[in-house]
Structures are given as C-alpha cells and as structure tokens.
Amino acid sequence: TKEGCALLKKSRKGIDSCECCLLQFGMFTATHHCRGCGNIVCVSCSREKVRLPNIDDRTLFKVCDECARSSKETRHYKISDKIMYK
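Thresholds, definitions, all that
Residues numbered from 1 in each chain as written. Predicted model: local features only at pLDDT ≥ 70, side-chain atom pairs only at ≥ 80, totals over all residues. Heavy atoms only, no water. Salt bridge = Lys/Arg side-chain N within 4 Å of Asp/Glu carboxyl O. Helix = DSSP H or I, 4+ residues; strand = E, 2+ residues; numbered from the N terminus.

Colleague: What is the right way to look at the pattern of salt bridges in this model?
Modeller: Taken as a whole and judged by the stated rule, the model has two salt bridges. Between Glu48 and Lys72 there is a salt bridge whose closest N-O contact spans 2.4 Å. Of this pair, Glu48 sits in strand β3 (residues 48-52) while Lys72 is found in helix α1 (residues 65-73), placing the two residues 24 residues apart along the sequence. As a salt-bridge pair, Arg69 and Glu66 come within 3.0 Å of each other at their nearest N and O atoms. Residue Arg69 and its partner Glu66 are located together in helix α1, separated by three residues, close to a single helical turn.

Without other data, these values stay purely geometric and don't point to any function.
In structure tokens form, the structure reads like this:
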C-alpha cells in the first residue's frame, strides 16, 4: 500500500452483501472498503468521511456509518494547549 493509505483488511472475494445493511451486491452495486474497520459496504452505508488518527491526522477517509458514528462520539476539540472538550 502507499504511505498514508489505510490497509484493506478483507478481500472482496466471497462477500456478496453489505456488511452493514445486508444489501445484496449486484452488477450495478458499488462497494467500498471502510478505511476504519475494513468491512465491505455499499455506497449507502459509506457516505461519510472522517479523520483516522491511527492512519493520518489531517486526511479524511471514507468509512462506514458505524465507524463514522463511533468517530464522532469520541471526537475531541482542542481549544488551547491545556483544555480538551468533547
């Protein structure tokens, strides 16, 4: 993989449905690897992009809805050098 790109954790081989909503993949169904958890999901379940500090603090990565929700729940905002807000 290129530096700064998340590792793809799963092969698409044998995956015939979205690992979030269970939509069957077909000829015209686009799929994506979630850069957070590596699951293979449909376009509807991967509409958001978030920062993944374990990969790159500044880049936005396409993730599944579950990883986006989890990322937003644990997000911290740095106001000054001493105070962190959730």
